[in-house]
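The chain contents come next:
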Amino acid sequence: MADAFKPEAKLKRSIRRHFTKLGFAKSQDGTLILPGTGKDVVRRLHAGQRNEKLEAGKNFLARALPKHLQYFADGAEIDPSRIRLSLRRVKSDTVEADLFRLATLTWSVPVSAGFGRRMRYLVWDEAHDRVAGVIALGDPVFNLSVRDNHIGWTVGDRSSRLVNLLDAYVLGAVPPYSHLLGGKAVACLVRSKDIFDDFRSTYGDTVGIISKKAKSANLLVVTTTSSMGKSSVYNRLKLDGTQYFTPVGYTVGWGHFHITDALFDEMREYLRMISHRYADHHQFGQGPNWRLRTIRAALGELGINEMVLRHGIQREVFISTLATNAAEILKTGTGTPDVSGLRTASEISDMARERWMVPRASRREDYRAWRKTGIADLIQGSTVIAQESNAASDAQGWTGRDAG
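Residues numbered from 1 in each chain as written. Predicted model: local features only at pLDDT ≥ 70, side-chain atom pairs only at ≥ 80, totals over all residues. Heavy atoms only, no water.

Participant: Would you mind showing me how to read the overall build of the protein here?
Facilitator: Scanning the protein for helices and strands turns up 13 helices and twelve strands. Looking at the protein residue by residue over its 404 residues, the buried ones come to 54%. A separation threshold of at least 6 residues defines the contact pool for the protein, and within that pool the share at least 24 residues apart is 80%. (Helix = DSSP H or I, 4+ residues; strand = E, 2+ residues; numbered from the N terminus. Buried < 20%, exposed > 50% of the residue type's maximum accessible area, 1.4 Å probe, protein only. Contact = heavy atoms within 4.5 Å.)

In structure tokens, the structure reads:
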């Protein structure tokens, strides 16, 4: 067989074509060079993954969108002074699950399904009976240096106390609420008594998937990462003098979001052909970063410098502290969480409405022009609006390697 037709050569060509199509150039040390800067570049680099998700979801969209569009709002029907947000826990195979998926498909940056422990919510406007936003919390990545440095963790500290953290890998508002600074209100709901209590009842007494050890956990901190560099939503996010998210630094821009599922499947098939153990190394208990390890294994077998995983897109990392003594507990491993300062979702909604949504509505009435039929345009990508989706985790390319 000619070398050009060997599986290794075919896969190498697929990888080169993929990076070229995305617009990357390659430096002498193998690092990818971004094809520009700004949010449009980020959207373009994510386009492959987003198109895959839309293609995979064609049947779902045909079924669910006409059926559930009624639960999204027209701008003209919203009275900002009456908005009353609540948290509705999402369970699989329900109307809420369909609405959650539809909402996340409106964002130009595709979102991850998360991994490990997961809590998903619809943010619901009870006054108007409409979807206002979505929240999804899942297990945090193990290696994230800006987080660990901020907390003051050693490697051992992190291993034993990471159980007290979750990551908000989906976080944002849908229109017309996004036009009313609803993204800020949704973000603040992460630091609510409702979510703290849900975590305690669901995961307070749990057994580690990897360690197999029983762990008594409290949700002390939630992290999140902006999808497009510096965030205007989470910075200076305060209500009644309380800081809801604090910036702690940036990721170094190393990960695998720019490897589409189709290319990843080609890599796995190649590893399977050579009987490599990582071809199907993805069961629970083998760690959450199997996709990254599999990609690295394929690159290594092909002789491709793994520096191609350094895509260069840095994302701002934020921390929300739920307990006032969280820092001490996370450093020492001892203490009872003081959550006396946590507000309920209802209280946060009232404050956020008066702080952001009502004033924005009085300054700008363009939200009234929004029609719920625009949801279909957002999903297909024919309309782009300014909203801060937060889809960290695998789809965002910093899982596991943005430890910097």
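Participant: Can you walk me through the nonpolar core in this structure?
Facilitator: Across soluble globular proteins, nonpolar side chains show a tendency to be buried alongside one another. If you look at the biggest cluster of nonpolar residues, it comprises 49 residues, and the most contacted ones within it are Ile-135 and Leu-171. Per-element accounting of this core gives the leading share, seven residues, to helix α12 (residues 345-363). (Core = buried A, V, L, I, M, F, W, Y, C linked by side-chain atoms within 4.5 Å.)

Participant: Help me understand the sheet that holds strand β6 (residues 165-173), please; the structure alone is not making it clear to me.
Facilitator: Hydrogen bonds along the backbone pair up the strands of a sheet, which may run parallel or antiparallel. The eight strands lie next to each other as β3-β4-β5-β6-β9-β12-β11-β10, forming an open sheet whose pairing is mixed. Because the sheet does not close on itself, it has two edges, and the strands there are β3 (85-89) and β10 (237-239). Geometrically, the sheet is characterised by an average inter-axis angle of 25° between neighbouring strands, direction not taken into account. The pairing of β6 with strand β9 (residues 221-225) spans three bridges and is classified as parallel. Note on β9: the bridge partner recorded for Asp-167 is Thr-223. Those strands touched by helix α4 (residues 95-105) are β4 (118-125), β5 (130-138) and β6, and its axis lies near 85° from that of β4. Lying on the sheet, helix α8 (residues 193-203) is in contact with β3, β4, β5 and β6; it crosses β4 at an angle near 145°. (Pairing = 2+ DSSP bridges. Axes fitted to C-alpha atoms, helices over the stretch in contact; angles between N-to-C directions.)

Participant: Explain the pattern of salt bridges here, please?
Facilitator: Side chains that differ in sign of charge can pair as their charged atoms come close. Applying the stated rule across the entire model yields 17 salt bridges. The shortest N-O distance in the salt bridge between Arg-353 and Glu-354 comes to 2.9 Å. The class of Arg-353 is buried, set by a relative accessible area of 12%. Judged by relative accessible area, Glu-354 falls into the partly exposed class, the value being 46%. Three or more residues are tied together by salt bridges with common partners; here these are Glu-77, Arg-130 and Lys-372. (Salt bridge = Lys/Arg side-chain N within 4 Å of Asp/Glu carboxyl O.)

Participant: Is there a simple way to explain the side chain of His-128 in this structure?
Facilitator: One can find His-128 in the loop between β4 and β5. By relative accessible area, His-128 is classed as buried at 10%. Engagement of the side chain of His-128 in a polar contact is seen with the side chain of Arg-82, the distance being 3.5 Å. Setting aside anything within four residues of it in sequence, one finds His-128 in contact with Glu-77, Ile-78, Asp-79, Arg-82, Ile-83 and Tyr-177. (Polar contact = N/O pair within 3.5 Å; in protein donor to acceptor, adjacent residues only side chain to side chain.)

Participant: Just to check I follow, could you spell out the packing of aromatic side chains for this structure?
Facilitator: Each aromatic ring pair is characterised by the separation of its centres together with the angle its planes make. Counted according to the given criterion, the structure contains four aromatic pairs. Each ring, one from Tyr-71 and one from Trp-124, has its centre 6.1 Å from the other, and the planes form 55°; the classification is tilted. Placement of the pair is Tyr-71 in the loop between α3 (58-68) and β3 and Trp-124 in strand β4, with a sequence separation of 53 residues. On the basis of an interplanar angle of 50° and a centroid distance of 5.8 Å, the ring pair of Phe-199 and Tyr-203 is categorised as tilted. Taken together, the residues span about one helical turn, with Phe-199 and Tyr-203 both in helix α8 at a distance of four residues. Feature note: the residues Tyr-234, Phe-245 and Phe-318 constitute an aromatic cluster, connected by ring pairs. Over the aromatic face of Tyr-203 sits the side chain of Arg-117, whose NZ or CZ is 6.0 Å from the ring centroid. Over the aromatic face of Phe-100 sits the side chain of Arg-120, whose NZ or CZ is 5.1 Å from the ring centroid. (Phe/Tyr/Trp six-rings, centres within 6.5 Å; stacked < 30°, edge-to-face > 60°. Lys NZ or Arg CZ within 6 Å of the ring centre and 35° of its normal.)

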